[in-house]
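# Topology and contacts: notes
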Amino acid sequence: VARISALENAPELSMTTNGVALAKVAKDLADAGLQRINISLDTLDWERFKRLTFRDRYDDVIEGIVAARAAGLAPIKINTVLMRDINGDEALPLLKWALKENLNLRFIEQMPLDAGDAWTRLNLITADEIFNQLSSEFELTPVDDRGSSPAEDRKSTRLNSSHVSESRMPSS
């Protein structure tokens, strides 16, 4: 990070992490020139986190988010994959938590990376379904599409003057 940051005309530096070790390195990364961070977090439930990740490291991820904020990394974006019958009931709790913590929340599509060929589109929760869940308690207004760059929000929604986005979400 420091070597890239030291380049003439260095790009804005961002990284994506599972957050497990972030608490230990957030300050060093920020000092080296990292400006913003994306953290993967699919649930706020400790037991569900253990089942999804096969690790008992939920507290480490939360501590990483706190450390990223303390190090001055901004914005902090939380990337969440919602899956039917797994964590599909967490759109509202995650959004409320992100708003309370002043974090940007992005719902992203599950990637079909399984070698066992168990991935199916039937498990996906669509952008429309998420929009409907969130609309039950929040006023949402779609904003213009921002293009196809994977690092940018593709389909964004304004929420009570805060920002939530849906990135790489399938249509219903």
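Attention in this report is confined to the structure presented alongside it. Everything numeric here is computed off the predicted structure, so don't read it as measured data.

### A closer look at the overall build of the protein
- Broken down by element type, the protein carries six helices and seven strands.
- Walking the protein from its N terminus toward its C terminus, one meets helices and strands in the order α-β-α-β-α-α-β-α-β-α-β-β-β.
- Buried positions account for 38% of the 172 residues belonging to the protein.
- Long-range pairs, those at least 24 residues apart, make up 61% of the contacts in the protein between residues at least 6 apart in sequence.
- Put simply, the protein shows about 9,800 Å² of open surface, and 50% of that area lies on carbon and sulfur atoms.

### A few points about the pattern of salt bridges
- Taken as a whole and assessed by the stated rule, the structure comprises ten salt bridges.
- Of the charged contacts, one joins aspartate 60 and arginine 57 as a salt bridge, the two residues approaching to 2.3 Å between their closest N and O atoms.
- For aspartate 60, a relative accessible area of 23% gives the class partly exposed.
- In this structure arginine 57 comes out as partly exposed when scored by relative accessible area, which is 27%.
- Shared partners join several salt bridges into a network, and the residues in it are Arg48, Asp89 and Glu90.

Quick notes on the rules
Residues numbered from 1 in each chain as written. Predicted model: local features only at pLDDT ≥ 70, side-chain atom pairs only at ≥ 80, totals over all residues. Heavy atoms only, no water. Helix = DSSP H or I, 4+ residues; strand = E, 2+ residues; numbered from the N terminus. Buried < 20%, exposed > 50% of the residue type's maximum accessible area, 1.4 Å probe, protein only. Contact = heavy atoms within 4.5 Å. Areas by Shrake-Rupley, 256 points an atom, 1.4 Å probe, with all protein chains shown as cover. Salt bridge = Lys/Arg side-chain N within 4 Å of Asp/Glu carboxyl O.

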